[in-house]
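If you want the building blocks of each chain, they are given just below.
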Protein chains: 2
Amino acid sequence: MAGYPQFELDHQLCFALYTASRAMTRAYGPLLADTGLTYPQYVTLLALWRDPGQPRSVGELGERLHLDSGTLTPLLKRLAAMGYVTRSRDAADERRVLVTLTTDGLALRDRLAAVPMAIASCLGMAPSEGMALRDQLTTLTASLEATR
Amino acid sequence: MAGYPQFELDHQLCFALYTASRAMTRAYGPLLADTGLTYPQYVTLLALWRDPGQPRSVGELGERLHLDSGTLTPLLKRLAAMGYVTRSRDAADERRVLVTLTTDGLALRDRLAAVPMAIASCLGMAPSEGMALRDQLTTLTASLEATR
DNA sequence: CACGTTCATATTGCGTGCAATAGGATTGCG
DNA sequence: CGCAATCCTATTGCACGCAATATGAACGTG
């Protein structure tokens, strides 16, 4: 009574991806709990920590994170409410909103310095495997987004 | 000025996973639009199509899909409202709610028979690569969930 | 057979994701 | 310069995810 092998859950790349992504997000929970951050908020800070003195527009962050303003605007307001970033209109172009790390937001980078290693220890794979997997996923994302 | 290489966005497996998973979900959107299904609803139907005559409890579905009742209960109510499943208390154990495919819900399996192939053609990789990636992700999920 | 414990699902609250739309700023073309 | 097209962000609406809690059913021990 198989008949529809293409629908078998465990054969589907999409399902493995969906499940792994949520498992990863859950794994970050306990590591971020002290700071009150969610995983998407943490990722947003990763983008800002890259060059701490440099304000980023909502659009730049969205392009970097593959998120739109409908997600970022409220997320950034929460980061601002927690005191980790400030939001202000760009004087040179009043359409843009610039997001800047605060001292507290930058300080989080030190408080969370051990997080990547802690996650790495939960992956059950060698760093080289993780990097290979990461590169395959990045390629996959590019293919999926090219089909739009 | 690097200083924190462990925080580089493009070095993070978690971010590649997060981005790829959302890209995959978006890729399903147009393919499911005709049926009114979301991707999580589609995955739930995959679990039910496996053995169409067999009712599944909310708990069984949750274990299979790695989702809890907070997600599944409203999702299943929407599937029921669309006429694709029915929900009823198990007479043998009134705590349990049994989810059963309707005729329409089963018919979707034929209407969507081409979807897996359509997705496969967007992945930019050979089937064997996709299967290998899927298996790595499944292993990763197991490792992440073992650390709970 | 009472009754405390465990189990299965539902509800609540909050934070995403994302499509669709709105609203104000800037740009470019005539 | 005027103004339509474009750009950028915000808002709205809906559907997840998931932790925490509630509710009612079933079970187990005395």
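Bringing the nonpolar core into the picture now. Considering soluble globular proteins, one finds that nonpolar side chains tend to be buried as a cluster. In terms of nonpolar packing, the biggest core is built from 94 residues, with Tyr42 and Leu137 of chain A together with Tyr42 and Leu137 of chain B touching the most fellow members. In this structure Tyr42 of chain A touches Tyr28, Leu32, Trp49, Leu112, Val115 and Pro116 of chain A together with Phe7 of chain B, once residues within four positions along its chain are discounted.

What follows covers the sheet that holds strand S1 (residues 56-57) of chain A. Pairing is antiparallel across the open sheet formed by three strands, whose spatial order is S1-S3-S2 (chain A). Each of the sheet's edge strands pairs with one partner strand only, and the pair in question is S1 and strand S2 (85-90) of chain A.

What follows concerns the protein's contact with DNA strand C. If you check the shell around DNA strand C, you find 29 residues, and the closest are Gln41 of chain A together with Tyr18, Arg26, Thr73 and Arg87 of chain B. Atoms of DNA strand C within 4 Å of the protein belong to the sugar or the phosphate in 76% of instances, the rest to bases. Gly59 of chain B places a main-chain nitrogen or oxygen 2.7 Å from a phosphate oxygen of DNA strand C. Note that a phosphate oxygen of DNA strand C is positioned 2.5 Å from one of the side-chain N or O atoms of Thr73 of chain B. Residue assignment for the surface near DNA strand C shows that the elements contributing at least two residues are helix H2 (39-49), helix H4 (69-81) and strand S3 (93-101) of chain A together with helix H1 (13-32), helix H3 (58-65), helix H4 (69-81), strand S2 (85-90) and strand S3 (93-101) of chain B. Classifying every residue of the surface near DNA strand C gives six nonpolar, ten polar and 13 charged.

Another point: the sheet that holds S3 of chain B. Residue and element names in this part refer to chain B. Taken in spatial order, the three strands make up an open sheet running S1-S3-S2, and their pairing is antiparallel. The strands lining the two open edges of the sheet, one partner per strand, are strand S1 (56-57) and S2. Sheet strands in contact with helix H2 (residues 39-49) are S1, S2 and S3, and its direction is about 95° off that of S3.

This next bit is on the protein's contact with DNA strand D. Lining the immediate surroundings of DNA strand D are 29 residues, of which Tyr18, Arg26, Thr73, Lys77 and Arg87 of chain A lie closest. Counting only atoms of DNA strand D within 4 Å of the protein, the fraction found in sugar and phosphate groups is 76%. One of the side-chain nitrogen or oxygen atoms of Arg22 of chain A is found 3.2 Å away from a phosphate oxygen of DNA strand D. One of the side-chain nitrogen or oxygen atoms of Arg87 of chain A is found 2.4 Å away from a phosphate oxygen of DNA strand D. Going through the elements one at a time, helix H1 (13-32), helix H3 (58-65), H4, S2 and S3 of chain A together with H2, H4 and S3 of chain B are the ones with two or more residues in the surface near DNA strand D. Residues that form the surface near DNA strand D fall into these classes: six nonpolar, ten polar and 13 charged.

The next thing to look at is the side chain of Ser57 of chain B. Locating Ser57 of chain B in the fold gives a position in strand S1. Those residues in contact with Ser57 of chain B that sit more than four places away from it in its chain are Arg96, Val97 and Leu98 of chain B.

All names here are of chain A. All of the buried residues in helix H5 (residues 103-111) are Gly105, Leu108 and Arg109. Each buried residue of H5 sits inside an arc of 105° when the element is viewed along its axis, so together they form one side. The exposed residues of H5 that point more than 90 degrees off its buried face are Thr103 and Arg111. Against the buried residues of H5 lie H2 and S3.

What follows is about the pattern of salt bridges. For the coordinates displayed, the defined rule picks out twelve salt bridges over all chains. In this structure, Glu145 of chain B and Arg26 of chain A form a salt bridge, with 3.1 Å as the shortest nitrogen-oxygen distance. Taken as a pair, Glu145 of chain B in helix H7 (residues 127-146) and Arg26 of chain A in helix H1 lie in two separate chains rather than in one. Classification of Arg26 of chain A by relative accessible area gives partly exposed; the value is 30%.

Conventions used here
- Residues numbered from 1 in each chain as written.
- Chains lettered and ligands numbered in written order.
- Predicted model: local features only at pLDDT ≥ 70, side-chain atom pairs only at ≥ 80, totals over all residues.
- Heavy atoms only, no water.
- Core = buried A, V, L, I, M, F, W, Y, C linked by side-chain atoms within 4.5 Å.
- Buried < 20%, exposed > 50% of the residue type's maximum accessible area, 1.4 Å probe, protein only.
- Contact = heavy atoms within 4.5 Å.
- Pairing = 2+ DSSP bridges.
- Helix = DSSP H or I, 4+ residues; strand = E, 2+ residues; numbered from the N terminus.
- Near = heavy atom within 4 Å.
- Polar contact = N/O pair within 3.5 Å; in protein donor to acceptor, adjacent residues only side chain to side chain.
- Nonpolar A, V, L, I, M, F, W, Y, C, P; charged D, E, K, R; others polar.
- Axes fitted to C-alpha atoms, helices over the stretch in contact; angles between N-to-C directions.
- Arc of directions from axis to C-beta.
- Salt bridge = Lys/Arg side-chain N within 4 Å of Asp/Glu carboxyl O.

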